[in-house]
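# Secondary and tertiary structure notes
So you can see what is in the structure, the chains are spelled out below.
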Amino acid sequence: MRLYLEKRDHIKAFSRFPVLTIALLLAIFMSFLVLWSVGVNPFEAYLIVGEEIFLTDYGWQDLLVKITPLLLTGAAVALAAQMKLWNIGAEGQFHMGTFAVTWGALNFGHLNTFSLIPFLLILSIIGGGLWGCIPGVLKSRFGVNEIITSLLLNYVAAAWVDYHLFGDWRDPASNNFPITPGFSESARLPNYFDSDVHAGLLLALFVILVLTFLLKKTRIGMKIQLAGDNLDAARYSGISIGMLTLIIFAVSGAIAGMAGFSEVSGVHYRLQQNISLGYGYTGIIVAWLARNHPLGILLSSFLMAVIFVSAEILQIEYGLPISVVFLYQGIILFTVLGSEIFVEYRLRLQKIV
Amino acid sequence: MHKIHRFFLAAFAATFFLFGSQASMASKPSIGFVLVGPHNDGGWSMRHYQGFKSLEKHGYESEYAEMVPEADSERVFRKLARKHDVVFGTSFGYMDPMVAAASKDKSNTIFMHGTGYKVIDGKLDNYNCRLYQARYLTGVAAGMLTKTNKIGFVGSHPIPEIVSNINAATLGAQSVNPNIEVNVIWINSWFDPPKDMDAAKTVKEWGADVLFTTTDSPNVVTLAQKESTPAKPLWSMGNDAPMNSFGPDRYATGAMFNWNLFYKSVMDSVAAGTWKVNRSFWGLKENCVGLSPWGPNVPGEVVNKVETVKMNWINDEMDDDFPFSAGFTKQDGTVVKAGEVGRQGIETMQYWVKGVISDFPVK
Amino acid sequence: MEFLVQLLIAAVEMGTPLLLATLGGVISERAGVINLGMEGLMLVGALTAFVVMLHTGSPILAVALAAIAGGLVTMLHGLVCLMLRANQIASGLALTLFGTGLSGLFGSSLVGKTFNPIEDIPIPFLHKIPLIGEAFFNQDILVYFSYFCAVLTWWVLFRTRLGLNIRSMGEAPEVCDSLGLSVLAYRFWSLVVGGGLIGIGGAYFSIAMNPYWVDFITAGRGWIAVALVIFALWHPLKAMAGAYLFGLALALELRLQTLGLNVSPYILKMMPYFLTILVLTVVTIKNARRDIKVMPAALGQVFFRGLKN
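Residues numbered from 1 in each chain as written. Chains lettered and ligands numbered in written order. Predicted model: local features only at pLDDT ≥ 70, side-chain atom pairs only at ≥ 80, totals over all residues. Heavy atoms only, no water.

When you go through chain C residue by residue, the secondary structure sums to 12 helices and two strands. Taken from the N to the C terminus, the helices and strands of chain C come in the order α-α-α-α-β-α-β-α-α-α-α-α-α-α. In terms of overall dimensions, chain C is globule-like: its C-alpha atoms have a radius of gyration of 20 Å, near the 19 Å expected for 309 residues. Its C-alpha atoms give chain C principal-axis dimensions of about 65 × 50 × 40 Å. Residue burial in chain C is summarised as follows: out of 309 residues, 61% are buried. Here the contacts in chain C between residues at least 6 apart in sequence split such that 78% fall between residues at least 24 apart. A total of about 11,300 Å² of accessible surface is found on chain C, and carbon and sulfur atoms cover 71% of it. Of the charged side chains in chain C, 18 are positive and 14 negative, and the gap between their average positions amounts to 12 Å. (Helix = DSSP H or I, 4+ residues; strand = E, 2+ residues; numbered from the N terminus. Rg over C-alpha atoms; globule rule 2.2 N^0.38 Å. Buried < 20%, exposed > 50% of the residue type's maximum accessible area, 1.4 Å probe, protein only. Contact = heavy atoms within 4.5 Å. Areas by Shrake-Rupley, 256 points an atom, 1.4 Å probe, with all protein chains shown as cover. Lys, Arg positive; Asp, Glu negative; His and termini not counted. Charge placed at Lys NZ, Arg CZ, Asp CG, Glu CD.)

When helices and strands are tallied, chain B shows 11 helices and 14 strands. Taking 2.2 N^0.38 as the reference for a compact globule, 363 residues should give roughly 21 Å; the C-alpha atoms of chain B span a radius of gyration of 22 Å, in line with that estimate. For the C-alpha atoms alone, the extent of chain B along its principal axes is close to 75 × 40 × 40 Å. Looking at chain B as a whole, 61% of its 363 residues are labelled buried. Considering only intrachain contacts with a sequence separation of at least 6, the fraction spanning at least 24 residues in chain B is 69%. Accessible surface for chain B amounts to roughly 13,900 Å². Of this, 56% is attributable to carbon and sulfur atoms. With 36 positive and 37 negative side-chain charges, chain B shows a spacing of 4 Å between the two charge centroids.

Residues and elements named next belong to chain B. Counted according to the given criterion, the structure contains 55 aromatic pairs over all chains. Relative to Y94, the ring of F77 lies with its centre 5.2 Å away and its plane at 80°, an arrangement referred to as edge-to-face. Taken together, the residues F77 in helix 3 (residues 73-83) and Y94 in the loop between strand 3 (86-89) and helix 4 (95-104) connect sequence positions 17 residues apart. Each member of the aromatic cluster is reached from another via a ring pair, and the members are F33, W44, Y49, F52, Y64, F88, Y127, F257, W259, F262, Y263 and W282. Here the guanidinium or amino end of K150 rests over the ring plane of W206, the centre of that ring lying 5.1 Å away. Directly above the aromatic system of Y351 lies the positively charged group of K330, at a separation of 4.1 Å from the ring centroid. (Phe/Tyr/Trp six-rings, centres within 6.5 Å; stacked < 30°, edge-to-face > 60°. Lys NZ or Arg CZ within 6 Å of the ring centre and 35° of its normal.)

Attention now goes to the pattern of salt bridges. In total, this model carries 29 salt bridges over all chains according to the counting rule given. For E347 of chain B, the salt bridge is made with R279 of chain B, and the minimal N-O distance between the two is 3.6 Å. Separated by 68 residues along the polypeptide, E347 of chain B in helix 11 (residues 343-347) and R279 of chain B in the loop between helix 9 (260-272) and strand 11 (280-282) bring together distant segments of the chain. The buried category is assigned to E347 of chain B, whose relative accessible area is 14%. A salt bridge links D316 of chain B to K285 of chain B, with the shortest nitrogen-to-oxygen separation between them at 2.7 Å. A residue pair is termed long-range when its members are at least 10 positions apart, and D316 of chain B in the loop between helix 10 (300-314) and strand 13 (328-329) and K285 of chain B in the loop between strand 11 and strand 12 (289-291) qualify at 31 residues. Given the relative accessible area of 54%, D316 of chain B is considered exposed. On the accessibility criterion, K285 of chain B (29% relative accessible area) is partly exposed. Residues participating in the shared-partner salt-bridge network are D62 and K66 of chain A together with D72, R75 and K79 of chain B. (Salt bridge = Lys/Arg side-chain N within 4 Å of Asp/Glu carboxyl O.)

Here we take up the confidence of the model for chain B. Residue and element names in this part refer to chain B. On average, chain B scores 88 in pLDDT, and the residues at 70 or more come to 92%. Averaged pLDDT values for the elements of chain B fall to 44 in helix 1 (residues 2-18) and rise to 96 in helix 5 (residues 131-145). For the stretch residues 1-25, pLDDT sits under 50, and the model shows four contacts to residues farther than four places along the chain or on other chains. (pLDDT = per-residue confidence, 0-100.)

Glancing now at the pairing of strand 3 of chain B. Looking along a regular strand, one sees side chains alternate from face to face of the sheet. Residue and element names in this part refer to chain B. Residues of strand 3 alternate between two faces, with V86 and F88 on one and V87 and G89 on the opposite face, all of them buried. One ladder, built from four bridges, connects strand 1 (residues 31-34) with strand 3; its direction is parallel. For F33, the partnering residue across the bridge sits in strand 3 and is F88. Where strand 3 lies against strand 4 (residues 110-114), four bridges are found, and the strand directions are parallel. Residue F88 lies in a different strand from strand 4, and its bridge partner there is M112. Note on the crossover from strand 3 through helix 4 to strand 4: the handedness is right-handed. (Pairing = 2+ DSSP bridges. Right-handed = clockwise from strand over helix to strand, strands pointing away.)

Right, let's talk about the environment of P160 of chain B for a bit. Residue and element names in this part refer to chain B. Positionally, P160 belongs in helix 6 (residues 160-176). The exposure class assigned to P160 is buried, which follows from its relative accessible area of 3%. Counting along the chain gives 189 residues from P160 to M349, while the straight-line C-alpha distance between them is 4.8 Å.

Glancing now at the packing of helix 2 (residues 38-56) of chain C against helix 10 (residues 221-231) of chain C. Residues and elements named next belong to chain C. One way to put it is that helix 2 packs onto helix 10 with a least axis distance of 7 Å and a crossing angle of 125°. When the interaxial angle is binned, helix 2 and helix 10 end up oblique. With respect to the hand of their crossing, helix 2 and helix 10 are arranged in right-handed fashion. For the pair helix 2 and helix 10, the contacting residues are M38, E39 and M42 in the first and R221, G222, W223, A225, V226 and V229 in the second. (Axes fitted to C-alpha atoms, helices over the stretch in contact; angles between N-to-C directions. Parallel < 35°, antiparallel > 145°, perpendicular 65-115°, else oblique. Left-handed = near helix turned anticlockwise from the far one by under 90°.)

Residue and element names in this part refer to chain B. Pairing within the open sheet is mixed, and its six strands lie in the order 7-6-8-9-10-12. Taken across any chain shown, the strands that pair with only one partner, and hence form the sheet edges, are strand 7 (181-186) and strand 12. Going across the sheet, the axis of each strand differs from the next one's by a mean of 15°, ignoring polarity. Relative to strand 9 (residues 235-240), strand 8 (residues 210-213) runs parallel, the two being bridged by three bridges.

And the structure:
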């Protein structure tokens, strides 16, 4: 007897759901074991986490605030993935977005909000976009692997932000602690419903809508899809792959940069360390789980946001150290990632004669 | 079900009331606190954690979240504020998030911010303690212990808190040994044990034989224990918490925090309804900072001298802002007169005193 | 002179854990599997070694168990990204979370404990060579072990049939498969052996460099190793050069301060990464001309056999 995987004959549009449900149940079961092993009643813990997140007004706020950057970084990674390119650099592009926005907000804070906010948005697009262009150019011009260059540029971007944060941008009023002065009112994104939910969420949804439209309905979208399906075929049909690669990376970087804008102008109102809690890297997971589908991005950023937000709930309610929370997140990710295959394949038992 | 629960609670409370029980558990205000590092980091966060947990025996229960990045902290403060009567944050970077959380909070929750300067009357207070006082004492010890007249520091980032501590130690050492030179190696990171160890080695290579750290990693202690020889003895000074277990033979002492009394006083004032904003800045006299236990090999005369200075200080021979209040010379030769530098000057200090030989790192 | 000697000693010490982890990364990436879980694996190795050292005092046992622990935890990554063919990058991130959490959870009761770090053993004659003798031949046993590992990895990868097979898995898995080699098995075991080496790299922190336990003791070195694998162009001997170069950069940052040179540490931090990108670009261009690939062609690609399409 041996186990093997067999490709499903046809994948129905909704065949992902049962698989994902089973995966999530398995994830929940595994995390039950983790919680139980550290002396926490897992049923109660899930009830409390669920109640805190879904049945309170602040839970929804927290969730929507956390979803916002993930939607954008997820979309950034997913766009590149349409052409089978991996943008591991969303983290760095996010940082460069925050850098550009902070530069604008600190130097042009006196402008009124109607001119400043669009200006900051453009700055973040330029900051993230240019940073995305580096792996794009290297890939299209010289064939340098984009996974690696974009990853390495994350470290550079983080050091670049630190350089300013620990240098000339330090707020003298903050005892020289490494944080910039707060942004002026005009540089802040509006909040809605008297809550923390800010305009960045609309921006993120808008970006995803536009991307979907571009990919499905426009010529350049078709070209990208074609190149993603079959590079050689696309090349023979006269599509400039190099140009397309560069464009994809620039746009992908710009979207990640916008995530930086949304966080720094919508949540923190200043630049400081750890503004990105790994949103760029989480974006990779978001995009992968979503299989680059727009609706999927909504769902998977929702899932990731729940995991983010549940961290403090478990800490506060149960006094769990943060390491348990990491462990729990790792297990959930492993389970969900590992289950993906069963969407396309089914497990079969075969008798070996 | 729920109602029955409530009923029993009410009945319970009534019984206590009728029979005049003293301060039932439920009436004690509860604490939510936020740590910037892990609760067992061996230093800064651990001392706060221990301070809060020591209050449990007085009936003040607490819950906490650790390793909360400054940028993500406002949410956590608000979360804690919904459940608890007093919310503490223990990193400078929590200042504005706490101000934001406190101004949005509609309940009676009180916010206490460690190491900042912003307050909101009736809502948010800040507090700090005078660790530089203890550091001055360790400086006195270092001045007597050193043979090479060179003292080395491992620094994290040059924020005023750490700068004033290094200056105080320098002044302390100079009070017994005017030829002291002090060098500081910055690791430019809040936390990096491997690099921290290399920084300790670097100051040792420079010639320092008394090694201080202002980070929470016990590397200077480990290094002194490992590399001290009878011909070239090394001494180490701990930071924030006792570090003697990491190298007892060559451990001198260390400046450390002791938050228990302070946190108890805050909670007592909240329980009594007398809490108000007062920007506490406790020191040796209040036993909020102190020296960690002396190492067994420290010569008796050093212990005696330092303990004498400490007692004199506690007995008000020196004021709270000493040694800075007594006047000193800056690294560039500028003379600062007695009384010129007070609390404000200490909390924003961004220059070296004479005797520190490294350049000031800013910009 | 003394300054240079001390600088080199520090460079080797700082470089050793990086070297061990990088070698682990080289092996798995040569077989075509990216491992972004290095930081988590190093933490698992560091904790295991610390616990064993604390209880037995035996560095050899500590290192051996750190390797086993690293290998075992890596199997999760192998299971998810090879057998269940999930995305290697996402799975690697999950591994980092998992390893970090695991080490923090089981390490919390060990804070405050310590032991004597492993001793330096001078190698006769060699340690008297001026300048480099002290740095390379008067170190602890793990440093010597890392030399051995580097050479052994190179020898296996480039001089044996096994190594050829491993490298082929990263270049053309389909061809290997058609020749009857099990891609899955080769990749899985390369990944696991690599994970073991990464675990040993972590052990260096807790038993040689910082003989105590705190959460996150590796302080991000795993991520540097991820970059170093690329810097070394997937070559074990170049990994040596790369690791010591990074070690030198770290050691220099601190020692420039004693010389009174105020170079911005953040600019200094960026340099190795820029340099890596530059090297990679130059090499890619050169290789394109000669039509040789440096980078494993199938790196990160899913390979799956036995499908009935």
